[in-house]
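Chains, contacts and geometry: an overview
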Amino acid sequence: YDLQTNATPEQGQELLDFMELVFTTYVALLKPEDPKSAEAARSTILLYKDNADYMAAGSPAGSGAYYSLQSKNLVGWYDPLFMKPFFAHEGMHQFTDLTSKNFRDFPMWFSEGIADCIGNCEVRNKKLYMCVKSGPLARGRLPIIQEAIRANKQYKIADLFKLDQRKFMGDA
């Protein structure tokens, strides 16, 4: 990864070290046809020092990070709790775009689901553990899902799999 940041050098290095570990997980999990090509490609991360700078740059309201389809950059801001899960999630979108010719044809349940699995991670003894229940993404989404179930407004699995991107993302 190439990093551009106005955060401290230590904060930038913290994210770089984490993303290198996450990248190794992307390669092992998705097994791209040409892993050497994926490893040779330099992906760019823009890390803002705080949410105010991130939002002043025109970032999407309410986001912690995003993957820009136009610039191919990962963009986010430093936060000791949410930065890593958000970048791991958005980095999955960057990685699949880099390594898959049909990235935009992936169903939303797959793209967002696999990204959330990686985003809900912890580093223990320099190893990445995915799909941890304690992950901030899971803790944020679980109450929304529980409320939909209580209100009997959840999707049937077959219907959820058929949602287009606008409906999938719009219904949170």
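In case you missed it, the structure is sitting above this.
Read on for a plain summary of the structure. Since the structure is predicted, the reported quantities are computational estimates derived from the model, not experimental observations.

On to the overall build of the protein chain, then. Secondary structure assignment for the protein chain yields 8 helices and 6 strands. When the helices and strands of the protein chain are placed in sequence order, the string is β-α-α-β-α-β-β-α-α-β-β-α-α-α. Here the C-alpha atoms of the protein chain give a radius of gyration of 16 Å, agreeing with the 16 Å that 2.2 N^0.38 yields for 172 residues. Buried positions account for 39% of the 172 residues belonging to the protein chain. For the protein chain, contacts bridging at least 24 residues in sequence account for 60% of all contacts bridging at least 6. When the accessible surface of the protein chain is summed, it comes to about 10400 Å², and 55% of that surface belongs to carbon and sulfur atoms. Taking the average location of the 20 positive side-chain charges in the protein chain and that of its 21 negative ones, the two points are 6 Å from each other.

Another point: the nonpolar core. Y1, L15, F18, M19, Y26 and F87 are the most contacted members of the largest nonpolar core, which has 27 residues in total. Of all the secondary structure elements, the ones that give two or more residues to this core are α1 (9–30), β2 (44–48), β3 (65–67), α4 (83–99) and α5 (108–119). A total of 8 residues in this core trace back to one element, the largest contributor, which is α1. Residues contacting Y1, with those up to four places away along its chain left out, are L16, M19, E20, F23, Y26, R42, S43, I45, L74 and Q94.

What follows concerns the sheet that holds β2. In space, the 4 strands of this open sheet follow the order β1-β2-β4-β3, with mixed pairing throughout. Strand pairing shows two members of the sheet lacking a second neighbour, β1 (2–5) and β3, which therefore form its edges. Across the sheet, the axes of successive neighbouring strands diverge by a mean angle of 15 degrees, strand direction being ignored. Where β3 lies against strand β4 (residues 74–77), 3 bridges are found, and the strand directions are antiparallel.

This next bit is on the layout of surface pockets. Of the voids in this model, the largest pocket is the one considered here, and its volume is about 1800 Å³. Along the walls of the largest pocket sit 49 residues, with E112, D116, R141, F168 and M169 positioned nearest its centre. Taken together, the elements giving at least two residues each to the lining of the largest pocket come down to β3, α4, α5, α6 (136–150), α7 (157–162) and α8 (165–170). Of the residues contributing to the lining of the largest pocket, the split by class is 28 nonpolar, 12 polar and 9 charged. As a volume, the second largest pocket reaches approximately 210 Å³. Around the second largest pocket, the lining residues are P32, E33, D34, S37, A38, A41, L98, T99, S100 and K101. Counting only elements with at least two residues in the lining of the second largest pocket, the list comes to α2 (35–40) and α4.

What counts, and at which threshold
Residues numbered from 1 in each chain as written. Predicted model: local features only at pLDDT ≥ 70, side-chain atom pairs only at ≥ 80, totals over all residues. Heavy atoms only, no water. Helix = DSSP H or I, 4+ residues; strand = E, 2+ residues; numbered from the N terminus. Rg over C-alpha atoms; globule rule 2.2 N^0.38 Å. Buried < 20%, exposed > 50% of the residue type's maximum accessible area, 1.4 Å probe, protein only. Contact = heavy atoms within 4.5 Å. Areas by Shrake-Rupley, 256 points an atom, 1.4 Å probe, with all protein chains shown as cover. Lys, Arg positive; Asp, Glu negative; His and termini not counted. Charge placed at Lys NZ, Arg CZ, Asp CG, Glu CD. Core = buried A, V, L, I, M, F, W, Y, C linked by side-chain atoms within 4.5 Å. Pairing = 2+ DSSP bridges. Axes fitted to C-alpha atoms, helices over the stretch in contact; angles between N-to-C directions. 1 Å grid on protein atoms, 1.4 Å probe; cavity = no way out; pocket = protein on both sides within 12 Å on 5 of 7 lines; lining within 4 Å. Points joined across faces, edges and corners; volume = space filled by probe spheres on them. Nonpolar A, V, L, I, M, F, W, Y, C, P; charged D, E, K, R; others polar.

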